[in-house]
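An overview of the molecular structure
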Amino acid sequence: MTGEPISEAEALERLRQSDDPSMQYYGAWWLGRNRSQHPDAVPLLIEALRQRRPRDVGAGVEENAVARNAARALGKLAPAARAAIPELLTALEDPDDGLREAAARALGELKAREAVAPICQRLAGGPAVAGVQQASNPRLVEPCEALLEALGEIGMADLAELAVIEPFLGHARPLIRSAAARALLQLSGERRWAEPLLELLRHEQLHVRRAALMDLGAAGWRPAADAISATLAENSLKLIALRGLVEHGRGEPGDEALLITMDALL
Amino acid sequence: MGPITPLIQAVEQAGSALELLRATAALAASGDAAAAPTLVEVLGFNNPGAAVAAVDGLIAIGTPAVDHLLQLDPRNYGARAWAVRALAGIGDVRGLELLIEALLTDVGPSVRRAAAKGLGSLQLQGLASDQRAAVEQRCLEALLQGCSDGEWVVRYAVAVGLEGLAQGSRWPPDHHDHRRATAALTQLGHADHEEASVVRLRAALALQRLTT
């Protein structure tokens, strides 16, 4: 895979050919990264998403590498990529949990209401079923973090959905708890769901504190501004989180107070 | 043996990342200018927690730390990046060249971000007026270039820098450079030119503060 700067036409061409999957992989990534508006981008990515193939251990390529990257790119092309929703819903049922993860994230970014029911179904077993670790590797049976985050992003709350999410607040892994709290906070706007996230900002592990920062930012929970600012983590991440409060949040603290908090972290 | 010698020794003898962080924080808290060489050394240890503490200590020491910061080996990229943050915080005009270079060429967005803010907050009160005008001109040119940085957080810091520069300068409102600064902020505040709404809001706040 080459990291050379390429043009949009070249990226489309790399995705269109099918002799070299690593070229397709890079082409798909490029189109998402650069948020291509080209009319061929979405149809080509849908075609690439259909391209499933097993992991090639010898070549060091992950399972369904092109399909996964196509799903990720389609998420970045929201809202133009809404035409891909049926194909992403199919990918959500794929045996490859890595592809299901990429599809779930994309469906979240596309705010695909059609995805709420199938995602809830995947999570319905709760932490002891969907959230249990696979026998052969450290991943969970379902890509819970991505599924939970997608529900929050799609943002269509009903009581049954909240009841599916809530048990994951008790998951053994802090990142799953963080994703669950974020989704509940996004869907309900209720302060009680912010509490687990504020607690995770003080977690002993840096990667957990980082995740909680990103989740509070995604939820736009403005009352967390001071706690975000005081978290032991890189200012870069605190600034991203505070940007989330400014752009997605409402109420107090107001815009100017948040901007002043950001200024102090530059 | 001065009173900070044991604190310096504790940094030099730290056996773990956590010990180094604690010893650096203690040395930084002394605020003693004699701590500067050791704190600058910590910037190159590849320990972000300790480097943050060292930067805070160097900013507290201020002007006496500047020479030590400027003497850092340019090939030691990690240490230079932290030095840019310290120089941006201190605001000493001797950091001007390094801040400009950092804003325009550094690969790290967090370094460019700190440099942009620093270019708006240099302490120029002691300079002769023609010298001061020349420095302000250099800061303005660099910040205007920074408006087209690819990272939102750098453009955000450029808006903050432009506000600080225009605020601190003696430009009257109809001065050519004041107009160039406000024109740049107007662009950063406009959705046709700036995609990140947080940057637009910050630019609008800067303009409001400069015009009222």
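1. Brief notes about the overall build of chain B
When its secondary structure is counted, chain B shows 12 helices and zero strands. Going from the N terminus to the C terminus, chain B shows its helices and strands as α-α-α-α-α-α-α-α-α-α-α-α. Taken against the 2.2 N^0.38 rule, which gives 17 Å for 212 residues, the C-alpha radius of gyration of chain B at 19 Å falls within 12% of a compact globule. Along the first, second and third principal axes, the C-alpha atoms of chain B reach 55 × 40 × 30 Å. Within chain B, the proportion of its 212 residues that are buried is 46%. Restricting to contacts in chain B with at least 6 residues of sequence separation, those with at least 24 account for 61%.

2. Points about the interface of chain A and chain B
The interface is formed by 10 residues belonging to chain A together with 12 residues belonging to chain B. Counting residues per element, the ones that place at least two in the side of chain A that touches chain B are α14 (235–248) and α15 (255–263) of chain A. With five residues, α14(A) is the largest single contributor of residues to the side of chain A that touches chain B. Counted by class, the side of chain A that touches chain B contains four nonpolar, one polar and five charged residues.

3. Details of the domain arrangement of chain A
All names here are of chain A. Parsing chain A into structural domains produces domain 1 (1–109), domain 2 (111–188) and domain 3 (193–266). For domain 2 and domain 3, the distance between their C-alpha centroids amounts to 22 Å. The class makeup of the residues in the side of domain 2 that touches domain 3 is seven nonpolar, three polar and two charged.

4. As for the packing of α14(A) against α15(A)
All names here are of chain A. Packing of α14 against α15 brings their axes to within 10 Å, and their N-to-C directions diverge by 175°. Comparing the axis directions of α14 and α15 gives the class roughly antiparallel. For the pair formed by α14 and α15, the contact residues are Leu-239, Leu-242, Leu-245 and Val-246 on the first element and Asp-255, Leu-258, Thr-261 and Met-262 on the second. Residue composition of the contact of α14 with α15, grouped by class: six nonpolar, one polar and one charged.

5. Notes on helix α10 (residues 152–168) of chain B
Because an α-helix packs 3.6 residues into every turn, residues spaced three or four apart end up facing the same way. When the terminal C-alpha atoms of α10(B) are compared, their 24 Å separation across 17 residues agrees well with the 24 Å that a helix rising 1.5 Å per residue should span. Most of α10(B) sits out of view: 14 of its 17 residues are buried.

6. Here's the deal with the nonpolar core
Of all hydrophobic cores here, the largest spans 155 residues; its most connected members are Leu45(A), Ala71(A), Leu74(A) and Val84(B). Not counting the four nearest positions on each side in its chain, Ala71(A) is found in contact with Leu49(A), Leu88(A), Ala91(A), Leu99(A), Ala102(A), Ala103(A) and Ala106(A).

7. Considerations on the domain arrangement of chain B
All names here are of chain B. Under the domain assignment, chain B is made up of domain 1 (1–82) and domain 2 (91–212). A C-alpha centroid distance of 29 Å is found between domain 1 and domain 2. Each partner contributes to the interface: domain 1 provides four residues, whereas domain 2 provides six residues. Tallied by class, the residues present in the side of domain 1 that touches domain 2 amount to three nonpolar, one polar and no charged.

8. Digging into the environment of Ala81(A)
Residues and elements named next belong to chain A. In this fold, Ala-81 is placed in the loop between α4 (65–76) and α5 (85–91). The exposure class assigned to Ala-81 is buried, which follows from the 24 C-beta atoms found within 10 Å. Other than its neighbours up to four places away in sequence, Ala-81 contacts Val-42, Leu-74 and Leu-110.

9. A closer look at unusual backbone geometry
Residue and element names in this part refer to chain A. Cis geometry is adopted by the peptide bond preceding Pro-79, which originates at Ala-78 and carries an omega value of -5°. Within the fold, Pro-79 resides in the loop between α4 and α5. Of the consecutive residues Glu-252 and Pro-253, the connecting peptide bond is found in the cis state with omega at -10°. Tracing the chain through its elements places Pro-253 in the loop between α14 and α15. With a phi angle near 45°, Arg-35 is a residue other than glycine that sits in the positive phi range.

10. Digging into helix α6 (residues 97–109) of chain A
Residue and element names in this part refer to chain A. Taking 1.5 Å per residue as the helical rise, α6 with its 13 residues ought to reach 18 Å, and the 18 Å between its terminal C-alpha atoms agrees with that figure. Along α6, 11 of the 13 residues are buried, which leaves the element largely enclosed by surrounding structure. All buried positions along α6 are accounted for by Leu-99, Arg-100, Glu-101, Ala-102, Ala-103, Ala-104, Arg-105, Ala-106, Leu-107, Gly-108 and Glu-109. Residues of α6 that are buried make contact with α4, α5, α7 (116–123) and α8 (144–154). The positive-phi residue at the C-terminal boundary of α6 is Lys-111, with phi of around 50°.

Thresholds applied
- Residues numbered from 1 in each chain as written.
- Chains lettered and ligands numbered in written order.
- Predicted model: local features only at pLDDT ≥ 70, side-chain atom pairs only at ≥ 80, totals over all residues.
- Helix = DSSP H or I, 4+ residues; strand = E, 2+ residues; numbered from the N terminus.
- Rg over C-alpha atoms; globule rule 2.2 N^0.38 Å.
- Buried ≥ 20, exposed ≤ 12 C-beta atoms within 10 Å, placed from the backbone.
- Contact = placed C-beta atoms within 7 Å.
- Nonpolar A, V, L, I, M, F, W, Y, C, P; charged D, E, K, R; others polar.
- Domains from an automatic or database assignment.
- Axes fitted to C-alpha atoms, helices over the stretch in contact; angles between N-to-C directions.
- Parallel < 35°, antiparallel > 145°, perpendicular 65-115°, else oblique.
- Expected span 1.5 Å × (residues − 1).
- Core = buried A, V, L, I, M, F, W, Y, C linked by C-beta atoms within 7 Å.

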